[in-house]
Amino acid sequence: MAPRDWYKAYLTNPEAVEIEGLESFEKQTCRNRALIGKGIMLSVPVKKVEHKQLTRDIEISYQSHWQHQHWIALVSTYKHTPFFDYYAEFFKPFYEKETRFLWDLNNEIHQTIMQLLHNCPKRIEGFAYRGTTDWRNEELNRFFGDGKSILDDLFEFGPETTDHLR
């Protein structure tokens, strides 16, 4: 799930940001990691990545109980926020079913977030955007600030999240 600053940039100018599935997968990026709350890092484990494997072809590993661990972390982090009880039902299904590809999981989560932000275009085919893709680029690291998850804002501000991000 992309950081909140990605959504802020996207809501401000959708042309300015991109996630590309035809690039080589890079480990330790927001493609399979999210920082929630006060520094809790959630990471979706992936099966062995071959050299130059495309991002869209990365498979999720279910050898560990990461879904249960992620859900417990989300509940413990956000259960006292004003909108957790309302929005939790939108995210719980991602932690109850198995999705084969990381790309598909990210796309489904993104679509859910966009619906909750009341700014959902019709399904974004291919989950590809225009712009830069190097999430570890120094300029982007400055642009994307603290890297915190959009969930921090959704659970805190609810329907006012879009206004808060702008």
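Residues numbered from 1 in each chain as written. Predicted model: local features only at pLDDT ≥ 70, side-chain atom pairs only at ≥ 80, totals over all residues. Heavy atoms only, no water.

Peer 1: Can you walk me through the packing of helix 2 (residues 66-78) against helix 3 (residues 84-91) in this structure?
Peer 2: Two numbers describe a pair of packed helices, the interaxial angle and the distance between the axes. Across the interface, helix 2 lies against helix 3 with an axial gap of 11 Å and an inter-helix angle of 165 degrees. On the basis of the axis angle, helix 2 is roughly antiparallel to helix 3. The crossing of helix 2 and helix 3 is right-handed. From helix 2, Trp71, Leu74, Val75 and Tyr78 reach across to helix 3, where they touch Phe84, Ala88 and Phe91. Residues that form the contact of helix 2 with helix 3 fall into these classes: seven nonpolar, no polar and no charged. (Axes fitted to C-alpha atoms, helices over the stretch in contact; angles between N-to-C directions. Helix = DSSP H or I, 4+ residues; strand = E, 2+ residues; numbered from the N terminus. Parallel < 35°, antiparallel > 145°, perpendicular 65-115°, else oblique. Left-handed = near helix turned anticlockwise from the far one by under 90°. Contact = heavy atoms within 4.5 Å. Nonpolar A, V, L, I, M, F, W, Y, C, P; charged D, E, K, R; others polar.)

Peer 1: Hey, could you run me through the pattern of salt bridges in this one?
Peer 2: In a structure, side chains of opposite charge can pair up when their charged atoms sit close to one another. For the structure shown, the criterion picks out seven salt bridges. A salt bridge links Arg56 to Asp57; the shortest N-O distance between them is 3.8 Å. Each of Lys47, Glu59 and Arg100 takes part in a single network of salt bridges with overlapping partners. (Salt bridge = Lys/Arg side-chain N within 4 Å of Asp/Glu carboxyl O.)

Peer 1: So what exactly am I meant to see when it comes to the packing of aromatic side chains here?
Peer 2: The description of an aromatic ring pair rests on the distance of the ring centres and on the angle between the ring planes. Applying the stated criterion to the full structure yields 14 aromatic pairs. Measuring from ring centre to ring centre gives 4.7 Å for Tyr78 and Phe155, while their planes differ by 50 degrees; the resulting arrangement is tilted. Of the two residues, Tyr78 is situated in helix 2 and Phe155 in helix 6 (residues 150-157); the sequence distance between them amounts to 77 residues. Look at Phe155 and you get buried, because its relative accessible area is 2%. With a centroid separation of 6.0 Å and an interplanar angle of 75 degrees, the aromatic rings of Phe91 and Phe155 are classed as edge-to-face. Linking Phe91 in helix 3 with Phe155 in helix 6, this pair joins segments that are 64 residues apart in sequence. You'll find Phe91 and Phe155 in the same group, each marked buried. Clustering of aromatic rings is evident, with ring pairs tying together Trp71, Tyr78, Phe83, Phe84, Tyr86, Tyr87, Phe90, Phe91, Phe94, Tyr95 and Phe155. (Phe/Tyr/Trp six-rings, centres within 6.5 Å; stacked < 30°, edge-to-face > 60°. Buried < 20%, exposed > 50% of the residue type's maximum accessible area, 1.4 Å probe, protein only.)

Peer 1: Is there a simple way to think about helix 4 (residues 102-116) in this case?
Peer 2: Since one α-helical turn is 3.6 residues long, residues separated by three or four positions face the same way. The terminal C-alpha atoms of helix 4 lie 21 Å apart, and with 15 residues this matches the ideal 21 Å at 1.5 Å per residue to within 8%. Here helix 4 lies mainly inside the structure; twelve of its 15 residues are buried. Of the positions making up helix 4, those classed as buried are Leu102, Trp103, Leu105, Asn106, Asn107, Ile109, His110, Gln111, Thr112, Ile113, Met114 and Leu116. Residues of helix 4 that are buried in the fold lie against helix 1 (4-12), helix 2, helix 3 and helix 6. (Expected span 1.5 Å × (residues − 1).)

Peer 1: I tried to follow helix 6 on my own but got confused; where do I start?
Peer 2: Counting buried positions along helix 6 gives six out of eight residues, so the element sits mostly inside the fold. Every buried residue belonging to helix 6 is among Ile150, Leu151, Asp152, Asp153, Leu154 and Phe155, and all of these are buried. Of the residues that open helix 6, the one with a side-chain oxygen 3.0 Å from the backbone nitrogen of Leu151 is Ser149. Two residues or fewer past helix 6, Gly158 is found with a positive phi of approximately 55 degrees. (Polar contact = N/O pair within 3.5 Å; in protein donor to acceptor, adjacent residues only side chain to side chain.)

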